[in-house]
Amino acid sequence: MARKYFGTDGVRGRVGETPITAEFVMRLGYAAGTTLVARAELPPGEHPAVLIGKDTRISGYMLEAALEAGFSAAGVDVILPGPMPTPGVAYLTRALRLQAGIVISASHNPYADNGIKFFSAGGTKLPDAVEEEIEARLEHPMGCVEPDRLGKARRIGDAAGRYIEFCKSTFPQELDLRGLKIAVDCAHGAGYQIAPKVFHELGAEVVVVGAEPNGLNINDGVGATAPECLRKTVLASGADLGIALDGDGDRLVMVDSAGAIYDGDQLLYVIAGHRLRCGRLEGVVGTQMSNLGLEHALARRGIGFTRAKVGDRYVLEMMHERGWRLGGENSGHIICLDRHTTGDGIISALQVLAALQEQGHGLAEACHDLTLYPQVLVNVRLPRGFDWARQPGIEEARRDAEHELAGSGRVLLRPSGTEPLLRVMVEGNGQERVSRCAERIADAVRASMG
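Keep in mind it's a predicted model, so treat the numbers as computed, not measured.

Asks: So what exactly am I meant to see when it comes to unusual backbone geometry here?
Replies: Trans is the common state for peptide bonds, and a negative phi is the common state for residues other than glycine. The peptide bond linking Thr18 to Pro19 adopts the cis configuration, its omega dihedral lying at 10°. Note that Pro19 resides in the loop between strand S1 (11–14) and helix H1 (22–39). In the Ramachandran plot, His188 falls in the positive-phi region, its phi being about 50° despite a non-glycine side chain. Turning to its location among the elements, His188 is positioned in the loop between strand S7 (181–185) and helix H6 (195–201). Look at Asn219: it is not a glycine, yet its phi comes out positive at around 60°. Relative to the helices and strands, Asn219 resides in the loop between strand S8 (205–209) and helix H7 (228–237). The exposure class assigned to Asn219 is buried, which follows from its relative accessible area of 10%.

Below, the structure is given as structure tokens:
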């Protein structure tokens, strides 16, 4: 069935506009709750239970209360850990043997946006069939179970500590971070109480930035989507490395002591190289956005590589299909299935640090044989319902760009799964030529909209 509300990463939008309203989110909680009740295999009288975590957006209070009401009306108990990175919710859902985990977050988007995403009992994204069942139930009026069957809600105070210990357990026991000075940018997001403690407790001296959330400043000039802040912090503090997360803690960007910024493709390459040497690598899953340079560098080392659709859920699906344990996106989502069930910025950083320590390398040396092609991404905002794929002017501009690249690059047009945008990506030899091609296509998109 066609999805009306769920995108590639749950339900997302601007707060106050459908579907991110208190009324709709309460109905979403009820629809999800009734779906879980119907699917749950529990002893008689035992309620299903879910965990609801959130990032630091001011709208999280409203949406948390709405979800809680909807689940309670469906007869589902609710556990509330407070601010918690998305991968932390996935971990706790599995560790506490719950029926589902829910995250209130719009990830890297600004504070005025928010979203709801779901994890299964196993700590993975919900299967399409379950999301479709929830959507179908949303078409029916909201009800309420009998008073004696209403769900209860409770807060847990040790959620952060449990997740911190889990993150630390993914770092080799024979290693530590003593002697390293690490700058950690938490994006004023969900990781602000967790990420600095993980690296500090492993022995590092930690310089913290982006850890003063006020409900309005998440991702605002800080974090993985604005790495210049981390770069300046590393250079000013004399740190050995910098680590930047996004608002919900599942993306990673790093900076070395010289101020060079390393994206998801480069960090994925560092982890892949280390695992190849250790005999623990089957292959690597990237996406349509992964840089050609990564694909070529992996091929030179005999490492298999395949591309999934953009979105960490599609990377994960491809990893399961191939039986591979490493994959990721150039945006900084990196999935290490032998460490966690989903992408995790903190755990990915620990895998990079372990690789560097065991090899005695810095990031520059670990990436010395990886040359990324110039890649330009232009986002063009689309009006609702605009069928860009059927516009002859856009198709002509795309063909002209591919002709100019003459087989030495790529053109990719794709709608965002989380925002009303068409992403125009051009990659190839020559920064000026790539930029020119990308802007010509973006201009054609704007012209087609009148």
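Asks: Sorry if this is basic, but what is going on with helix H2 (residues 59–73) here?
Replies: Since one α-helical turn is 3.6 residues long, residues separated by three or four positions face the same way. A rise of 1.5 Å per residue sets the reference length of H2, with its 15 residues, at 21 Å; its end C-alpha atoms lie 22 Å apart and thus fit the reference within 8%. Every buried residue belonging to H2 is among Ser59, Gly60, Leu63, Glu64, Ala66, Leu67, Gly70, Phe71, Ser72 and Ala73, and all of these are buried. Where the residues of H2 are buried, they touch H1, strand S2 (49–54), strand S3 (77–83), strand S4 (100–104), strand S5 (113–120) and strand S6 (153–155). Positive phi shows up at Gly75, right after H2, with a value of about 85°.

Asks: Honestly, the sheet that holds strand S9 (residues 241–245) in this entry has me stumped. Any pointers?
Replies: Hydrogen bonding along the main chain pairs the strands of a sheet, whether they run parallel or antiparallel. Ordered by their spatial adjacency, 5 strands build an open sheet running S8-S7-S9-S10-S11, and the pairing between neighbours is mixed. Strands with a single pairing partner mark the edges of an open sheet, and in this sheet they are S8 and strand S11 (261–262). Pairing analysis gives 5 bridges linking S9 to strand S10 (residues 252–256), with the strands arranged antiparallel. Paired with Gly242 across the two strands is Val255, which belongs to S10. This element, H7, spans S7, S8, S9, S10 and S11 of the sheet and lies at about 155° to S7. Contacts from helix H11 (residues 345–359) reach S7, S9 and S10 within the one sheet, and its direction differs from that of S9 by about 160°.

Asks: Would you take a moment to explain the side chain of Lys168 for this structure?
Replies: On the secondary structure map, Lys168 appears in helix H5 (residues 159–169). For Lys168, a relative accessible area of 18% translates into the label buried. At a separation of 3.0 Å, a polar atom in the side chain of Lys168 contacts the side chain of Glu165. For Lys168, the side chain forms a polar contact with the side chain of Glu201, separated by 2.7 Å. Among all residues touching Lys168, those that are not within four sequence positions of it are Val198, Glu201 and Leu202.

Asks: What exactly am I supposed to notice about the sheet that holds strand S13 (residues 305–308) here?
Replies: Within the open sheet, the 4 strands sit side by side as S13-S12-S14-S15. Their pairing is mixed. Each end of this open sheet is capped by a strand with a single partner; those strands are S13 and strand S15 (334–336). Mean inter-strand twist for the sheet, computed between neighbouring axes without regard to direction, equals 20°. In this sheet, S15 lies alongside strand S14 (residues 326–328) in antiparallel orientation, the contact comprising 3 bridges.

Asks: Explain the environment of His320 to me, please; I cannot follow it from the model alone.
Replies: Looking at the secondary structure, you find His320 in helix H10 (residues 312–322). Exposure remark for His320: the relative accessible area of 51% places this residue in the exposed category. In sequence terms His320 and Gly238 are 82 residues apart; their C-alpha atoms lie 41 Å from each other.

Asks: Sorry if this is basic, but what is going on with the environment of Ser448 here?
Replies: One can find Ser448 in helix H14 (residues 431–448). The partly exposed category is assigned to Ser448, whose relative accessible area is 23%. Separated by 54 residues in sequence, Ser448 and Ile394 have C-alpha atoms that sit 7.3 Å apart. For Ser448, the residues in contact, after removing those within four places along its chain, are Phe386, Gln391 and Ile394.

Asks: It is not clear to me how a nonpolar patch on the surface should be interpreted in this structure. Could you clarify?
Replies: On the surface, Ile58, Tyr61, Tyr111 and Leu216 cluster together into a nonpolar patch covering about 430 Å² of accessible area. The topology assignment puts Leu216 in the loop between S8 and H7.

Asks: Explain the pattern of salt bridges here, please?
Replies: Opposite charge on two side chains allows them to pair when their charged atoms are near. Evaluated as defined, the whole model comprises 32 salt bridges. Here Lys168 makes a salt bridge to Glu201, at a shortest N to O gap of 2.7 Å. In this pair, Lys168 sits in helix H5 while Glu201 sits in helix H6, placing the two residues 33 residues apart along the sequence. Residue class for Glu201 comes out partly exposed when judged on its relative accessible area of 39%. In this structure, Arg339 and Asp338 form a salt bridge, with 3.5 Å as the shortest nitrogen-oxygen distance. According to the relative accessible area criterion, Arg339 is partly exposed, its value standing at 25%.

Asks: I'm lost on the packing of H1 against helix H4 (residues 128–138) in this one. Help?
Replies: Helices that pack against each other are described as a pair by the angle of their axes relative to one another and the distance between those axes. At a minimum axis separation of 9 Å, H1 and H4 run at an interaxial angle of 125°. What the angle tells us is that H1 and H4 run oblique. Both H1 and H4 take part in a crossing whose hand is right-handed. The segment H1 lies against H4, with Phe24, Arg27, Leu28, Ala31, Ala32, Thr34, Thr35, Ala38 and Arg39 engaging Ala129, Val130, Glu133, Ile134, Arg137 and Leu138. Partitioning the contact of H1 with H4 into residue classes produces 9 nonpolar, 2 polar and 4 charged.

Asks: I would appreciate a short explanation of the state of the cysteines in the present structure.
Replies: In this structure the tally under the stated criterion is 0 disulfides. Cys186 provides the cysteine sulfur closest to Cys167, a residue in no disulfide bond, and the two sulfurs are 12 Å apart.

Parameters and conventions
- Residues numbered from 1 in each chain as written.
- Predicted model: local features only at pLDDT ≥ 70, side-chain atom pairs only at ≥ 80, totals over all residues.
- Heavy atoms only, no water.
- Helix = DSSP H or I, 4+ residues; strand = E, 2+ residues; numbered from the N terminus.
- Buried < 20%, exposed > 50% of the residue type's maximum accessible area, 1.4 Å probe, protein only.
- Expected span 1.5 Å × (residues − 1).
- Contact = heavy atoms within 4.5 Å.
- Pairing = 2+ DSSP bridges.
- Axes fitted to C-alpha atoms, helices over the stretch in contact; angles between N-to-C directions.
- Polar contact = N/O pair within 3.5 Å; in protein donor to acceptor, adjacent residues only side chain to side chain.
- Patch = residues over 30% accessible without salt bridge, like charges linked within 9 Å, V, L, I, M, F, W, Y side chains within 5 Å.
- Areas by Shrake-Rupley, 256 points an atom, 1.4 Å probe, with all protein chains shown as cover.
- Salt bridge = Lys/Arg side-chain N within 4 Å of Asp/Glu carboxyl O.
- Parallel < 35°, antiparallel > 145°, perpendicular 65-115°, else oblique.
- Left-handed = near helix turned anticlockwise from the far one by under 90°.
- Nonpolar A, V, L, I, M, F, W, Y, C, P; charged D, E, K, R; others polar.
- Disulfide = S-S within 2.5 Å.

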